[in-house]
Amino acid sequence: MKMSLDKKTIDRAARQMLERTRADGVKTVWDRLEAQQPQCGFGLLGICCRNCLQGPCRINPFGEPSRGVCGADADTIVARNLLRSVAGGTSAHVDHAYEVVEALDKIAKGQIDYQIQDEHKLKAIATKLGLETDQKDITTLAGEVAEKAFESFTNHTSETMGWLAAWAPQERIDTWGKLGVLPRNADREIREAMHQTTMGVDADPINLLLATVKQGLVDGFAGLKLATDIQDIIFGTPQPVKAETNLGVLKADHVNVVVHGHVPLLSEKIVEWCRRLEEEAKAAGAAGINVAGICCTGNEVLMRQGVPPATNFLGQELALATGAVDLMVVDAQCIMPSLINVAQCYHGEIVTTMPISKIPGAHHVPFTLEEADQQAREIVRRAINSFKKRDMNRVQIPEEKVPIVAGFSVEAIIGALAKINAEDPLKPLVESIKNGAILGAVGTVGCNNVKFTQDLVHVELVKQLIANDVLVVATGCSAHALGKAGLLHPDATKNVAGPGLRQVLTAVGEAAGLGEPLPPVLHMGSCVDNSRIGDLLIALADYLGVAVKDLPVAASAPEPQHEKALSIGTWAVAMGILTHVGLPPHVLGSATVSGALTGQPVESLLGGKFYVEADPVKAAEGLINHLKSKRKALGL
Amino acid sequence: MDQILISPERCLGCRSCELACAVEHFPGKDLFLAVAAEEPPVARIFVETDGKTNFPMQCRHCQQPQCVNACMTGALRQDNETGKVIFGQDKCVGCWMCVMACPFGVIVQDWRQRVALKCDRCPDRDVPACAAACPTGAIRFMPVPDYSKEKRQRYLTMFVDEEGQND
Ligand code: SF4
Ligand code: SF4
Ligand code: SF4
Ligand code: SF4
């Protein structure tokens, strides 16, 4: 099963680097996928259980044994495994959110050298939380907001999680309340999910699925929404920003620092110190310091600082294969341990920074908020030092780099729309949807997965959507994929978008004084920034006086890989949104579970469901049909 | 005489058979010891896949073994009584003629001893380790006539279903 290069990726820069790694005998994620063939059918079907030491147990889908040692059948095992995976994804986002809340709390207490960049957002959030904002100085208010946030992680009552109660529409709260899935606080629900799935507790697949929905809500509100809100307060709410993307953003004559992972607490400081230590880099013989990003840390500093994204998830090893990355500093999530081997073959130092995320062979700098500046400075100096050791003859940077526009927070989108109608900014958008110029909207999110040709499903799906007048918003590695393919740029509005969409985006762009249309795909940020999409949908539904589940919208994770994609998808379905995934999670071993997720049971309760389709053209068709049926139901 | 017979449509590719084969050919025959061993044991069965069909392959113990014909030293021979194709490591000179002769590619190199290596049908066991480990029954150790009958029965069911005469 040797895979040809064009089956591995549609990204030409990635292909060039893959030729290089192949010639040099350096293994990458594609080689490792091949070495893993055949992959275990039990795992793929989700019918193996390792939850106790009587196991591992596997269910034979063709006959006996049909039960594990304890008596659990395929339905129980599949549902339990799914809940654990979703709880894993949820805990990643909640842990991330917790760290930024901790930072806000320490800012309020004057303990760390970070500033509040967006007082306006702080006040808006405080108001929504029911806090008195008048006459209060900013740090006091920040402390109170942090306190409220902490309560959403841990409280001592059975009341509904505060961040959800403040932002979820009443219609949803009622729906979730009836199903008994309203979360109390994040830590408690994650703990409960672990308890519920341990040996000899819950055997009812439907009860386990409801608990999974609850995890989705924890993720959506105490993970995504909370992280975005607090990050905007500390680092500023994004505004449209121009940049370039793909490996061509690396510069042969500069010290190249790559930030990779998900949390902006350190990477913001790294960006700052790269600017401040420019002279030291010049003294070392470099033309300057160039920072680039990978994965969502990359998205965070793109959105707020205009830092160019080098590549997405599957390209992380290939960035090192250029031989031009002097240092890659990582925090948590989606970091391949194999980076060390690739760096050893080419060049560059890998620096880990979090106590829970270390890799043998990396240099570890234990990051703390208190000493963030010293640590960021040390890391950038290490990069300069590494540059001195770089072998220029082995540098091979692909030419590909593509211009992009990013930074579309809800505030930025409404700001642009307000240029058309200052009193009633949502009106122009809603009118365009009503009159059919825009058919509806789809959010494409999530990972790359090496089982797909890198970026192919993202790009082909979105091309179809925008050609059919569907407005696309994107986050995460999906946004990177679309950026590399030129779809985050006004030119794509001119060349790829359908006539209705083109006309609307052109009008908004002109009114906003951009001198060009808005791009047909609005980059809304990192994976946690999926909350921005949620905020926008809630605002639209509210404006129209309908429920989110009735809007002509859908979500898609075309190439999902991580447990986080599962928890985000669960949140989207719980919000009432049809959620497309390019490949199914490991649930096919239970017809009960897979049938419920993709069919009538979940849809009738929540309004949304999962939709599995690997072919991007068919998926686009399916999503467009869905938008049309939602339009029809609204009488449009 | 039972034979190792494969139903590839049941193979999930879990490679449990490879694991069990390796452990069976480890002196202590113990998974945890084998995993911790300095010289890990080698499996003589290989789960091959083309992406759609998985197929566990090992020596078929042919009645007309081409490997035996090819072997000049007599390291490979057919046991008259059992029909098994037996390998004697002490006679093997590592010429790899058998590797070339076997149509199934199931003779491999023992990279430590630099001699041939193949399925010996687990002389210490009643049922070969791979068949015993297979959780789906893709590998079974059974008489050829029974296997054939089962297959005939399955064909019959399919045939009748297609004609719509049986629900
Ligand atoms: S919990 Fe039950 S199914 Fe899971 S490993 Fe233990 S005995 Fe087997
Ligand atoms: S090694 Fe190959 S040729 Fe020899 S007996 Fe086995 S299957 Fe037949
Ligand atoms: S490699 Fe050994 S077993 Fe094979 S033909 Fe040569 S001598 Fe015989
Ligand atoms: S145990 Fe069965 S399914 Fe697993 S690898 Fe072996 S033959 Fe295939």
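Refer to the structure presented above.
My aim in this report is to walk through the structure given alongside it, one point at a time. (Residues numbered from 1 in each chain as written. Chains lettered and ligands numbered in written order. Predicted model: local features only at pLDDT ≥ 70, side-chain atom pairs only at ≥ 80, totals over all residues. Heavy atoms only, no water.)

Structural notes on the site of ligand 4
Argument step 1. Residues in contact with ligand 4 amount to 13 residues; listed here are only the nearest, C11, C14, R15, C17 and C134 of chain B.
Argument step 2. Along the lines of polarity and charge, the residues of the shell around ligand 4 split into 10 nonpolar, two polar and one charged. (Near = heavy atom within 4 Å. Nonpolar A, V, L, I, M, F, W, Y, C, P; charged D, E, K, R; others polar.)

Overview of the interface of chain B and chain A
Argument step 1. In this complex, chain B contributes 14 residues to the contact, which on the side of chain A involves 16 residues.
Argument step 2. Summed over both partners, the interface of chain B with chain A buries about 1100 Å², with 63% contributed by carbon and sulfur atoms.
Argument step 3. It is L12, R15 and P135 of chain B in chain B that bury the most area against chain A; as a group they hold 44% of the surface buried on that side.
Argument step 4. Summed over the shared surface of chain B and chain A, the result is five residue pairs in polar contact (both at pLDDT 80 or more).
Argument step 5. Classifying every residue of the side of chain B that touches chain A by side-chain character gives four nonpolar, six polar and four charged. (Contact = heavy atoms within 4.5 Å. Buried area = accessible area lost by both parts, 1.4 Å probe. Polar contact = N/O pair within 3.5 Å; in protein donor to acceptor, adjacent residues only side chain to side chain.)

Quick word on the site of ligand 3
Argument step 1. Residues in close proximity to ligand 3 include C71, T73, A75, L76, F87, C92, V93, G94, C95, W96, M97 and C98 of chain B, which together make up its full environment.
Argument step 2. Among the residues forming the shell around ligand 3, the class breakdown is 10 nonpolar, two polar and no charged.

Comments concerning the layout of surface pockets
All names here are of chain A.
Argument step 1. Its volume calculated, the largest pocket comes out at about 1800 Å³.
Argument step 2. Q39, L44, K451, L583 and H586 are, among the 48 residues lining the largest pocket, the residues nearest its centre.
Argument step 3. If you add up the space inside the second largest pocket, you get close to 740 Å³.
Argument step 4. In terms of lining residues, the second largest pocket is bounded by 28 residues, among which K128, W167, D535, I538 and A539 are the most central.
Argument step 5. If you list the elements that add at least two residues to the lining of the second largest pocket, you get α6 (119-128), α8 (162-167), α9 (170-179), α11 (205-235), α18 (410-418) and α24 (530-544).
Argument step 6. In terms of residue class, the lining of the second largest pocket is made up of 14 nonpolar, five polar and nine charged. (1 Å grid on protein atoms, 1.4 Å probe; cavity = no way out; pocket = protein on both sides within 12 Å on 5 of 7 lines; lining within 4 Å. Points joined across faces, edges and corners; volume = space filled by probe spheres on them. Helix = DSSP H or I, 4+ residues; strand = E, 2+ residues; numbered from the N terminus.)

Section: the pattern of salt bridges
Argument step 1. Overall, the coordinates contain 41 salt bridges over all chains when judged by the stated rule.
Argument step 2. The closest approach of N and O atoms between K106 of chain A and E370 of chain A, which form a salt bridge, is 2.8 Å. Taken as a pair, K106 of chain A in helix α5 (residues 74-108) and E370 of chain A in the loop between β9 (363-364) and α17 (372-388) lie far apart in primary sequence, 264 residues in all.
Argument step 3. The partner of K29 of chain B in a salt bridge is E24 of chain B, and the shortest N-O contact between them spans 3.2 Å.
Argument step 4. Within the structure, one salt-bridge network assembled from shared partners comprises K121, D232, E300, R304, E411, D529 and R532 of chain A. (Salt bridge = Lys/Arg side-chain N within 4 Å of Asp/Glu carboxyl O.)

Describing the side chain of D331 of chain A
All names here are of chain A.
Argument step 1. When you line up the elements, D331 lands in the loop between β7 (327-330) and α16 (339-345).
Argument step 2. Although D331 lies buried, it forms no salt bridge, and the closest oppositely charged side chain, K564, sits 8.4 Å away as judged by the N-O distance.
Argument step 3. Side-chain polar atoms of D331 contact the side chain of T297, separated by 2.8 Å.
Argument step 4. Ignoring any residue separated from it by four or fewer positions in sequence, one finds D331 in contact with H260, G261, H262, V263, T297, T353, M354 and S357. (Buried < 20%, exposed > 50% of the residue type's maximum accessible area, 1.4 Å probe, protein only. Lys, Arg positive; Asp, Glu negative; His and termini not counted.)

Some details on the nonpolar core
All names here are of chain A.
Argument step 1. Counting residues in each nonpolar core, the largest one holds 177 residues, and the members touching the most others are Y114, V145, W176, F221, I230, V257 and I270.
Argument step 2. Contact partners of Y114, with chain neighbours within four places excluded, come to I107, I234, F235, L265, K269, F367, L369 and A372.
Argument step 3. Core analysis: the second largest hydrophobic core is formed by 39 residues, V29, V258, A310 and A319 among them. (Core = buried A, V, L, I, M, F, W, Y, C linked by side-chain atoms within 4.5 Å.)

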